[in-house]
Amino acid sequence: MKRTLISNATIVSEGRHTGSIVIEGDRIATICQHHETPCGHFDETVDATGCFVLPGVIDDHVHFREPGLTAKADIESESRAAAYGGVTTWFDMPNTVPQTTTLEALDDKFRRAARSSRVNYSFFFGATNDNSHLLAQLDTTRLPGVKLFMGSSTGNMLVDRREALEQIFASSPLPVMAHCEDTAIINRNMARVKAEFGPDPVIGFHPVIRSEEACLRSTELAVELAAKHHARLHVAHVSTARELELFDAPSADLRAPLPLITAEATVSHLFFTDCDYARLGTRIKCNPAIKRPADRDALRCALTSGPISVVATDHAPHLLSEKEGGCARAVSGMPMVQFSLVTMLEMADQGVLTLERVVELMCHNPARLFAVRERGFIRPGYKADVVVVRPGACWTVDSGSVKSKCAWSPMEGHTYNWKVEHTFCNGQHLLNRGVIDDEVRGEPVAFDH
């Protein structure tokens, strides 16, 4: 059994302390305090002097595009990008081709990931207007949850019948992650803007079309249904200040359970505002839309004093050719999984939140919310998913440094002062100062719902 020592570390997990981590095989064996000397022979030693050692990030919201859309991304390419970003576990969304709305399609995705994912993985099962009878057949030890599109988005998986929505919330054995935008409101807004500004309005109208009202009305309905059926609801990519009023703030005590109804923010909605459309255009077009600075500021405040429980990416690669056009023609989504952790660490430098809170939102809370087994914390006996990040390591994103298959990022030209130096996945040294071990593969995540 291989033994690895990560020495001279500042460990951030359920607090902060200095010391060393001993990894044996795929597990964390021992966590030593700074005054303790680890014993025995080590096959590999990583000196983490000047670095912070964190649990591997769990990104609960990615679109890796396989199967069916692999010209723009696939499991291998995007899980490789995840490793470069310190993400050791990802949960993929069901709007692929075919959609992950049957048990057969779900099993096919697991087979594909077993062959090619660099890091750990699982998949959301997609709810539709007519497949709620399958929910009782889901293996709850394999899956994080059920994805529900309560608004039209990429993949045409809209669930818009009240009877179907009631049945999904009443019968799901797993948390329901909901994309909340009111399609009727969006369609009315689009028709109005097109009538005045032409068939493909410029990108600045995107948050006018996919408006605050569209988000709020749909999120209100999701919260109403979840409360009625005592269901676990996780609202994806909350983008407005008004939506935040619908959620309770979780307890600061990590031992206390999270609320039954929780909210996710994405790095994109925390970083960009509608002022950035002039500079980045459709590169930051996503659903729901990037909105006002006031909304971004409210989301940032909610990271520490409000109801945001999880920060994820909604990583959604497209070819640049597909991003051409305006509100009607350009597709929505952007690749962010490689840059999520360093962006949040930058926000910590800016005083938006603490480093400890970054770890709670990106590692601890996803594990707690989805009952991930033995991941998300640096604890003895847990899987050794560990990331070593260095502050003060200045680097600028260019197209050559983007690891996603689509080969672009809205972060190009941005300079970071944090860098992921090492990524360990199940005790395997996957990323070593910019070099990926091509032999390493992740494994399916287990859940204790």
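The following paragraphs examine the structure supplied in this document.

What follows is about the packing of helix α3 (residues 162–171) against helix α6 (residues 212–229). Viewed as axis vectors pointing N to C, α3 and α6 meet at an angle of 50°, and their least axial separation amounts to 9 Å. Considered as vectors, α3 and α6 are oriented oblique to each other. The hand of the α3/α6 crossing is right-handed. Between α3, through R162, L165, E166, F169 and A170, and α6, the contact on the second element is made entirely by L221, A222, E224, L225, A226, K228 and H229.

So, about helix α10 (residues 293–305). Its 13 residues give α10 an end-to-end C-alpha distance of 18 Å, which sits within 8% of 18 Å, the value for a rise of 1.5 Å per residue. Buried within α10 are the following residues: D295, L299, R300, A302 and L303. Buried residues in α10, looked at end-on, bunch into an arc of 155°, giving them a common side. Where α10 is buried, its residues contact α6, α7 (241–244), α8 (267–271), β14 (308–312), α11 (340–349) and α12 (355–369).

Moving on, we get to the environment of A298. Relative to the elements of secondary structure, A298 occurs in helix α10. Once you skip the residues sitting within four places of it in the chain, A298 turns out to touch A241 and L244.

A few words on the nonpolar core. If you look at the biggest cluster of nonpolar residues, it comprises 100 residues, and the most contacted ones within it are L341 and M344. Apart from the residues lying within four places of it in its own chain, the contact partners of L341 are L54, V57, G85, G86, V358, M362, V387, V389 and V420.

Between the first and last C-alpha of α6 there are 26 Å, a value that for 18 residues agrees with the 26 Å anticipated at 1.5 Å per step. Inspection of α6 places A214, C215, L216, S218, T219, A222, V223, L225 and A226 among the buried residues, and these make up the whole buried set. Looking at the buried side of α6, the elements it contacts are α3, α4 (183–197), β12 (233–235), α7 and β13 (261–266).

Attention shifts here to the packing of aromatic side chains. Remark: the centre distance and the inter-plane angle together describe each pair of aromatic rings, the angle taken between the planes. The tally for this structure, following the rule as stated, stands at 17 aromatic pairs. Taken together, a centroid distance of 5.8 Å and an interplanar angle of 85° make the contact between F91 and F370 edge-to-face. Within this pair, whereas F91 is found in strand β7 (residues 87–92), its partner F370 is found in the loop between α12 and β15 (386–396), the two being separated by 279 residues in sequence. For the pair F91 and F370, one class covers both residues: buried.

Attention now moves to the side chain of H234. Structurally, H234 can be placed in strand β12. When its relative accessible area of 0% is taken as the criterion, H234 is described as buried. Among the polar contacts listed, one links the side chain of H234 to the side chain of T262, at a separation of 2.8 Å. Those residues in contact with H234 that sit more than four places away from it in its chain are D60, V176, M177, A178, T262, A263, E264, V310, L369 and F370.

Attention now goes to the sheet that holds β13. Judged by pairing direction, the sheet is parallel, and its six strands sit side by side in the order β9-β10-β11-β12-β13-β14 without closing on themselves. Each edge of the sheet is formed by a strand with only one pairing partner; in this case those strands are β9 (125–126) and β14. By the bridge criterion, four bridges tie β13 to β14 in an arrangement that is parallel. Following the sheet pairing, E264 is matched in β14 by V310.

Looking now at the pattern of salt bridges. Within this structure, the stated rule accounts for 38 salt bridges. R242 is the partner of E212 in a salt bridge, and the nearest nitrogen-oxygen pair spans 3.2 Å. Residue E212 is found in helix α6, and its partner R242 is found in helix α7; the two are separated by 30 residues along the sequence. When its relative accessible area of 23% is taken as the criterion, E212 is described as partly exposed. Salt bridges here are not isolated pairs; linked through shared partners, they connect D26, R27, E374, R375, K383, D385 and E443.

What counts and how
Residues numbered from 1 in each chain as written. Predicted model: local features only at pLDDT ≥ 70, side-chain atom pairs only at ≥ 80, totals over all residues. Heavy atoms only, no water. Axes fitted to C-alpha atoms, helices over the stretch in contact; angles between N-to-C directions. Helix = DSSP H or I, 4+ residues; strand = E, 2+ residues; numbered from the N terminus. Parallel < 35°, antiparallel > 145°, perpendicular 65-115°, else oblique. Left-handed = near helix turned anticlockwise from the far one by under 90°. Contact = heavy atoms within 4.5 Å. Expected span 1.5 Å × (residues − 1). Buried < 20%, exposed > 50% of the residue type's maximum accessible area, 1.4 Å probe, protein only. Arc of directions from axis to C-beta. Core = buried A, V, L, I, M, F, W, Y, C linked by side-chain atoms within 4.5 Å. Phe/Tyr/Trp six-rings, centres within 6.5 Å; stacked < 30°, edge-to-face > 60°. Polar contact = N/O pair within 3.5 Å; in protein donor to acceptor, adjacent residues only side chain to side chain. Pairing = 2+ DSSP bridges. Salt bridge = Lys/Arg side-chain N within 4 Å of Asp/Glu carboxyl O.

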